[in-house]
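The lines below spell out each chain.
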Amino acid sequence: MPRRLILLCAFLLMAEPAAADEVLLTNGDHLTGQVVSLAGGTLTFETPHGELRIVWTTVAGLVVDEPILVTTIGAEPAAARVAAGDVPGRA
């Protein structure tokens, strides 16, 4: 029995935590999941409970754990990190 416990503890210590993005909404709600896209003023966000479509102006903050591909008009796509913004609706 102690050997199994030691193996289980070793396995859990080696496991990496899952990457998670965070969204803070203007109403104070906090969501954890993964950003899928931001287009047409709508943030698509995948959670363990399903995919959400969130109106961008209701987003107070956004933190993306891994770099994402950002595309803007007139420029080549580039990898970027997104951190919390200081004004609702702006990253």
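Model, not experiment: these values are computed from the prediction.

**Examining the pairing of strand 4 (residues 50–55)**
Direction of pairing for strand 3 (residues 42–47) relative to strand 4: antiparallel, over a ladder of six bridges. Residue pairing in the sheet places T44 in a bridge with R53 of strand 4.

**Focus: the sheet that holds strand 1 (residues 21–25)**
Here five strands make up an open sheet; going across it, the order is 4-3-2-1-5 and the pairing antiparallel. Bordering the open sheet on either side are strand 4 and strand 5 (59–63), each of which pairs with just one other strand. Strand-to-strand, the axes of this sheet are offset by a mean angle of 40°, without reference to chain direction. When strand 1 meets strand 5, the two strands line up antiparallel, connected through four bridges.

**Observations regarding the confidence of the model for the protein chain**
Per-residue pLDDT for the protein chain has a mean of 77; in total, 68% of the residues score no lower than 70. Across the protein chain, strand 4 holds the top mean pLDDT of 95, while helix 1 (residues 2–14) sits lowest at 52. Across residues 11–17, confidence stays below pLDDT 50; counting only partners more than four residues off in sequence or on other chains, it has zero contacts.

What counts, and at which threshold
- All residue numbers refer to position in the chain's written sequence, counted from 1.
- Reporting in this predicted model follows two pLDDT cut-offs: at least 70 for local features of residues, and 80 or more for side-chain atom pairs to be given and counted; totals over whole chains, interfaces and linings ignore these cut-offs and use all residues.
- Computation of side-chain values: all heavy atoms of the structure, hydrogens and water removed.
- Strands are treated as partners if at least two bridges between them are detected by DSSP.
- Counting from the N terminus, the helices are DSSP H or I runs at least four residues long and the strands are E runs at least two residues long.
- Lines fitted to C-alpha atoms define the axes, with helix axes restricted to the stretch in contact, and inter-axis angles between N-to-C directions lie between 0 and 180 degrees.
- pLDDT runs from 0 to 100 and stands for how confident the predictor is about each residue.
- We call two residues in contact whenever any of their non-hydrogen atoms come within 4.5 Å of each other.

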